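Okay, here's what each chain looks like letter by letter:
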Amino acid sequence: MTVNTSLVPSLKNARRVVVKIGSALLVDPERAAPREAWLASVADDIAALRAAGTEVVLVSSGAIALARHALGLTRKAKLRLEEKQAAAAVGQIRLAQAWTSVLSERGLTAAQLLLTPEDTEDRQRYLNARATLDTLLGLGCVPVINENDTVATAEIRFGDNDRLGARVAQMIDADQLILLSDIDGLYTADPRTNPDAQHIPVVETLTAEIDEMGGAPPPGYSSGGMRTKLVAAHIATESGCAMAIALGKRPHPLAALRDGARCTWFLPCTDSRSSKKRWIAGGLTPMGDVVIDEGALRALTQGGSLLPAGVVTVSGEFSRGDLVRVVNKDGTEVGRGLSAYPIDEARRLLGHRSDEFEEILGWEGHDELIHRDNLVLL
């Protein structure tokens, strides 16, 4: 495959980077303890990036794995939710201590943040978290972020740190997201089972063909896999952030990437969406679907708002201000937006003109179900 080298991002030129590290890289399963030598090499890499003027945020797994031995949970292949939450409560302390120790030895200050999907889906909490991270980076800290597994329920979880890393990268306007993995990038097929699989060094545009390379969805609340990395790529690149899947097992993985080690780079989109629209596009948990007719779709593509007159049906459980999917009659998602009405009122307004709203609702409502300022076409 021919690669236009001028398109390939470089860690040498990064201004602000989010690095995602999984449990399998950080934790020695036999000892349920950090891999000290590997962790030290990563800290060296972070110190080098900081010395070169690059701000670094870590999204680090490992809390539950670090607590298994201490809680006598090593023999169980799969933990119940309450066991995961208990292990997270113990392991978060150990994970924070590990990063604090190794970074402080290099003159760097670690800071811990625990996030849930709700912290990234609720606009005010999202902005608050962004302000905190910006302040920490301005003070020279290295934020270490993980999902808040001690309070997250099975129904409301990221379930993996790939997507969390992408949302954090979007939140802080990072220019690069690095997913350190057990593989050196995306292949046309699984290289472990297909000897003809070819490595893909650069993905300029995410297409349905690329998405299919992620394989089947992982069962249940999986901890990741290539599929979740491609979901992360959509979130990151649509936010104007380049993303790399790079081999993390080697010592000094970030230095290797900086020096040109093989990986897969996903190039950022270059559209001019506002930060609010990037947040909408990256939403993980739409609360419902809005099915529209062809006339409404034409109006949206011409820059219009979505009016109830063009909506065929709505479904889900959404309130005013919640994120919903906009779907055509064939079931294809064409956009996402923030609903101006809860679902019960939206149903009453379907097919009606705005001059009828006051009689239907008993009060004068918004003309639009989704205003164009709160709408993103995909």
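Refer to the structure above for everything that follows.
The present account deals with the structure reproduced in this document.

### Here's the deal with the sheet that holds strand 14 (residues 311-316)
Step number 1: Taken in spatial order, the five strands of this open sheet run 14-13-15-16-17, and their pairing is mixed. With one partner strand each, in any of the chains shown, strand 14 and strand 17 (375-377) form the two edges of the open sheet. With direction set aside, neighbouring strand axes in the sheet form an average angle of 20°.
Step number 2: Relative to strand 17, strand 16 (residues 333-338) runs antiparallel, the two sharing three bridges.

### Quick look at the pairing of strand 12 (residues 263-266)
Across a regular strand the side chains alternate sides, sitting on one face of the sheet and then on the other.
Step number 1: In strand 12, alternate side chains face the same way, and those of Cys 263 and Trp 265 on one face and Thr 264 and Phe 266 on the other are all buried.
Step number 2: Note: strand 10 (residues 202-203) against strand 12, two bridges, orientation parallel. Each bridged residue has a counterpart across the sheet, and for Val 202 the counterpart in strand 12 is Trp 265.
Step number 3: Pairing of strand 11 (residues 242-247) with strand 12 involves four bridges; the strand directions are antiparallel. The residue of strand 12 that forms the bridge with Met 243 is Phe 266.

### Quick look at the sheet that holds strand 12
Step number 1: Pairing is mixed in the open sheet, where eight strands are placed in the order 5-6-4-1-7-11-12-10. Only two strands of the sheet have a single neighbouring strand rather than two, namely strand 5 (109-115) and strand 10.
Step number 2: With seven bridges connecting them, strand 5 and strand 6 (residues 141-147) associate as parallel partners. Counterpart to Leu 114 in the pairing with strand 6 is Asn 146.
Step number 3: On the sheet, helix 6 (residues 123-138) packs against strand 1 (16-21), strand 4 (55-60), strand 5 and strand 6 and is oriented at approximately 145° with respect to strand 6.

### Structural notes on the pattern of salt bridges
Step number 1: As enumerated under the stated definition, the model contains 20 salt bridges in all.
Step number 2: Here Lys 20 ties to Asp 162 by a salt bridge, and the two come within 3.2 Å at their closest N and O atoms. With a gap of 142 residues between them, Lys 20 in strand 1 and Asp 162 in helix 7 (residues 161-171) connect regions that are remote in the sequence. Like Asp 162, Lys 20 is buried.
Step number 3: For Arg 125, the salt bridge is made with Asp 119, and the minimal N-O distance between the two is 2.8 Å.
Step number 4: Note on Arg 125: relative accessible area 36%, which makes it partly exposed.

### Comments concerning the packing of helix 7 against helix 9 (residues 226-238)
The relative placement of two packed helices comes down to the angle between their axes together with the axis-to-axis distance.
Step number 1: The geometry of helix 7 relative to helix 9 is characterised by a closest axis approach of 8 Å and an angle of 10° between their N-to-C directions. Between helix 7 and helix 9, the angle falls in the class roughly parallel. Note on element contacts: helix 9 touches helix 7 through Thr 228, Lys 229, Val 231, Ala 232, Ile 235 and Ala 236, opposite Asp 162, Arg 163, Ala 166, Arg 167 and Gln 170.
Step number 2: Here the contact of helix 7 with helix 9 is composed, by residue class, of five nonpolar, two polar and four charged.

### Let's talk about the nonpolar core
Soluble, globular proteins show a tendency: their nonpolar side chains are buried together.
Step number 1: Formed by 46 residues in total, the largest nonpolar core has its most connected members in Val 18, Ile 145, Val 168, Leu 177, Met 243 and Phe 266.
Step number 2: In terms of residues, this core owes the most to one element, helix 9, which gives six residues.
Step number 3: Leaving out residues up to four positions away in the same chain, Val 18 has contacts with Val 57, Val 59, Gly 165, Val 168, Ala 169, Ile 172, Ala 174, Gln 176, Leu 177 and Ile 178.

Calculation rules
Counting restarts for each chain: residues are numbered from 1 in the order of the written sequence. The model is predicted, so local features are restricted to residues of pLDDT at least 70 and side-chain atom pairs to those at 80 or more, both for listing and for counting; the totals for chains, interfaces and linings are taken over all residues. Based on all heavy atoms of the structure, the side-chain values leave hydrogens and waters out of the count. Here, strands pair whenever DSSP counts at least two bridges between them. Secondary structure elements follow DSSP: runs of H or I no shorter than four residues count as helices, runs of E no shorter than two count as strands, and numbering proceeds from the N terminus. In this description, a line fitted to the C-alpha atoms serves as the axis of each element, helices being fitted only across the stretch in contact, and the angle between N-to-C directions of two axes falls anywhere from 0 to 180 degrees. Throughout this description, buried means an accessible area under 20% of the type-specific maximum (1.4 Å probe, protein chains only), exposed means over 50%, and partly exposed covers the range between. In what follows, a contact means two residues having at least one pair of non-hydrogen atoms within 4.5 Å. Put simply, a salt bridge is a Lys or Arg side-chain nitrogen that is within 4 Å of an Asp or Glu carboxyl oxygen. We call two directions roughly parallel when the angle between them is under 35 degrees, roughly antiparallel when it is over 145, roughly perpendicular when it lies between 65 and 115, and oblique otherwise. Amino acids outside the nonpolar list (Ala, Val, Leu, Ile, Met, Phe, Trp, Tyr, Cys, Pro) and the charged list (Asp, Glu, Lys, Arg) are all regarded as polar, and Gly is one of them. The definition of a nonpolar core used throughout is a set of buried Ala, Val, Leu, Ile, Met, Phe, Trp, Tyr and Cys residues joined through side-chain atoms within 4.5 Å.

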